[in-house]
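Chains, contacts and geometry: an overview
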Amino acid sequence: MSLYRNALPQLSGDLFLADGGIETDLIFNHGIEIREFAAHTLLSDPAGREAMARYFYGYLALADAHGAGFILDSQTWKAHLHWAHELHATEHELKAANRASIEFIAGLRDMFAENKGPIVLNGIVGPTSDAYAPEQRVGADKAEQYHARQLGWLAETEVDMVTGVTFPGSEEAIGFVRAARAFDLPVVISFTVETNGCLPTGRPLGEAIRMVDDVTGGSAAYFQVNCAHPDHFFHLFDGAEWTRRIRGLRCNASRLSHAELDCCEVLDDGDPEELGEQYREILPAMPWLNIFGGCCGSDLRHVTRIAEAVTDARPRNLRE
């Protein structure tokens, strides 16, 4: 049974943490092969499952140490039909993977039930194609129809919310929001941007957020930005009204572009200390931010430093 589907606790403004880049951490730092960069494929392997559990233990303990809540993500970013051929998976197997992933994170929540802050089960959904090189712009109606299948699978589980992660375009985001709301699922959109602060489809971030809100009547619970370095988009946060719809940041550790990262054969893990300071420095301009994690290249070191930085920097009235 879902705990928070009817009232997401992070909307209170309290501090919440999230994890880092699970795939890059496990692959480069722990030597674990992840087929097609699809973390759900580890669930059926005892060693892979244990590695993911150990990965999350550190983050859940970190959240408790800071008295923070935690957004606990499923491993279902690529557990949908676009990737079926590459993964040699049937629709039945993908549906089972979505269920197994939510059962896995629900088990982790039970293990950390004594944490001071709430643990929210978040069903992760990736875009209909390559997030960084979208093959074509996906219209809202087509996206709604496509994403409804995976969202239907997730709606049958204990999941508290769903997030469209690393979404490259506003039209697909509109369809995703519509599909999620049809299942009464709280929904978040996490856009990615290129080094110029625009989405991979070319639309400016602020314009994309306004468009999704205008068309869906503000149905998304909030927005995030992920898989981009602070240097690529923090300069956009100028106090405009659309910036207030962003609650979460999950930045890359690396300054490299998506194209450059795609060609890297070694991990660029940036500088955890610097990344934490960049999160700290954005808070005076965006004091309503309350969800903090990492993305590609980041690991527990980065999120630890981020947690320390934002705990110190958040306005006192938001910490009490």
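Just above, that's the structure.
Remember, predicted model here, so these are calculated numbers, not experimental data.

On to the overall build of the chain, then. The secondary structure content of the chain amounts to 12 helices and eight strands. Against the compact-globule benchmark of 20 Å for 320 residues, the chain has a radius of gyration of 18 Å, which places it among compact chains. In terms of principal-axis extent, the alpha carbons of the chain reach across some 50 × 45 × 40 Å. When the 320 residues of the chain are sorted by exposure, 58% land in the buried category. Taking the 27 positively charged and 47 negatively charged side chains of the chain as two groups, their mean positions are separated by 5 Å.

Attention now goes to the nonpolar core. Residues Phe191, Leu205, Phe237 and Ile246 are the most contacted members of the largest nonpolar core, which totals 76 residues. Formed by nine residues, the second largest nonpolar core is a distinct cluster that contains Phe16, Ala18, Val120 and Ile291.

Here we take up helix α4 (residues 91-111). When the terminal C-alpha atoms of α4 are compared, their 31 Å separation across 21 residues agrees well with the 30 Å that a helix rising 1.5 Å per residue should span. Within the sequence span of α4, burial applies to Leu94, Ala97, Asn98, Ser101, Ile102, Phe104, Ile105, Ala106, Leu108 and Arg109. Buried-residue contacts for α4 involve α2 (46-65), β2 (69-73), α3 (84-87), β3 (119-125) and α5 (140-155).

Our focus in this paragraph is the packing of aromatic side chains. Applying the stated criterion to the full structure yields 11 aromatic pairs. A ring pair is formed by Phe233 and Phe237, whose centres lie 5.7 Å apart and whose planes are at 80°; its orientation type is edge-to-face. Plain terms: the ring middles of Phe234 and Phe237 are 5.9 Å apart, the flat faces sit at 35° to each other, and that makes the pair tilted. Among the aromatic residues, ring-to-ring pairing joins Phe233, Phe234, Phe237, Trp242, Tyr279 and Phe292 into one connected group. We note Lys78 situated over the ring of Trp83; from NZ or CZ to the ring centre the distance is 3.8 Å.

For strand β7 (residues 246-251), the tally of buried residues reaches six of six residues, placing the bulk of the element in the interior. Examined bridge by bridge, strand β6 (residues 222-226) and β7 share four bridges and lie parallel to one another. Its bridge partner lying in β7, Gln224 is registered against Gly248. Note that β7 and strand β8 (residues 291-294) share four bridges and pair parallel. Residue pairing for β8: Leu249 is matched across the bridge by Phe292.

Contact pair helix α1 (residues 22-30) / α2: the axes reach a minimum separation of 11 Å and the direction vectors enclose 115°. For the pair α1 and α2, the sense of crossing is right-handed. Contacts between α1 and α2 involve Ile22, Asp25 and Leu26 from the first element and Ala51, Met52, Tyr55 and Phe56 from the second. When the residues that make up the contact of α1 with α2 are grouped by side-chain class, the tally is six nonpolar, no polar and one charged.

Once that is clear, we can look at the state of the cysteines. As enumerated under the stated definition, the model contains zero disulfides in all. The thiol sulfur of Cys295 is not disulfide-bonded, and the nearest other cysteine sulfur, from Cys227, lies at 4.0 Å.

A few words on the pairing of strand β5 (residues 187-191). Moving residue by residue along a regular strand, the side chains alternate between the two faces of the sheet. By the criterion of burial, β5 is predominantly enclosed, with five of the five residues buried. Burial along β5 is two-sided: Val187, Ile189 and Phe191 and Val188 and Ser190, pointing in opposite directions, are all buried. For strand β4 (residues 161-167) and β5, the ladder comprises five bridges, and the chain directions are parallel. Bridge pairing links Val162 to Val187 in β5. Chirality of the crossover, the property in question, places the unit of β4, helix α6 (residues 170-182) and β5 among those that are right-handed. Sheet topology places β5 next to β6; four bridges connect them, and they run parallel. Paired with Phe191 across the two strands is Val225, which belongs to β6. Viewed along the sheet, the connection from β5 through helix α7 (residues 205-216) into β6 turns out right-handed.

Here we take up the sheet that holds β5. Around the barrel, which closes on itself, the eight strands sit in the order β1-β2-β3-β4-β5-β6-β7-β8 with parallel pairing between neighbours. Against the sheet, α2 makes contact with β1 (16-17), β2 and β3, and its axis sits at roughly 160° relative to β2, the strand it touches most. Packed on one face of the sheet, helix α11 (residues 300-313) meets β1 and β8 and runs near 155° to β8.

With that out of the way, let us pick up the pattern of salt bridges. Side chains that carry opposite charge are capable of pairing whenever their charged atoms lie near each other. Per the stated rule, a full pass over the model turns up 19 salt bridges. Residue Arg178 is joined to Asp141 by a salt bridge in which the shortest nitrogen-to-oxygen separation is 3.4 Å. A residue pair is termed long-range when its members are at least 10 positions apart, and Arg178 in helix α6 and Asp141 in helix α5 qualify at 37 residues. Asp141 gets classed as exposed once you look at its relative accessible area, which sits at 58%. For the salt bridge of Asp299 with Arg301, the shortest nitrogen-to-oxygen distance reads 2.9 Å. A relative accessible area of 43% places Arg301 in the partly exposed class. One salt-bridge network, in which partners are shared between bridges, spans Glu273, Glu277, Arg280, Arg305 and Glu308.

Rules used throughout
- Residues numbered from 1 in each chain as written.
- Predicted model: local features only at pLDDT ≥ 70, side-chain atom pairs only at ≥ 80, totals over all residues.
- Heavy atoms only, no water.
- Helix = DSSP H or I, 4+ residues; strand = E, 2+ residues; numbered from the N terminus.
- Rg over C-alpha atoms; globule rule 2.2 N^0.38 Å.
- Buried < 20%, exposed > 50% of the residue type's maximum accessible area, 1.4 Å probe, protein only.
- Lys, Arg positive; Asp, Glu negative; His and termini not counted.
- Charge placed at Lys NZ, Arg CZ, Asp CG, Glu CD.
- Core = buried A, V, L, I, M, F, W, Y, C linked by side-chain atoms within 4.5 Å.
- Expected span 1.5 Å × (residues − 1).
- Contact = heavy atoms within 4.5 Å.
- Phe/Tyr/Trp six-rings, centres within 6.5 Å; stacked < 30°, edge-to-face > 60°.
- Lys NZ or Arg CZ within 6 Å of the ring centre and 35° of its normal.
- Pairing = 2+ DSSP bridges.
- Axes fitted to C-alpha atoms, helices over the stretch in contact; angles between N-to-C directions.
- Left-handed = near helix turned anticlockwise from the far one by under 90°.
- Nonpolar A, V, L, I, M, F, W, Y, C, P; charged D, E, K, R; others polar.
- Disulfide = S-S within 2.5 Å.
- Right-handed = clockwise from strand over helix to strand, strands pointing away.
- Salt bridge = Lys/Arg side-chain N within 4 Å of Asp/Glu carboxyl O.

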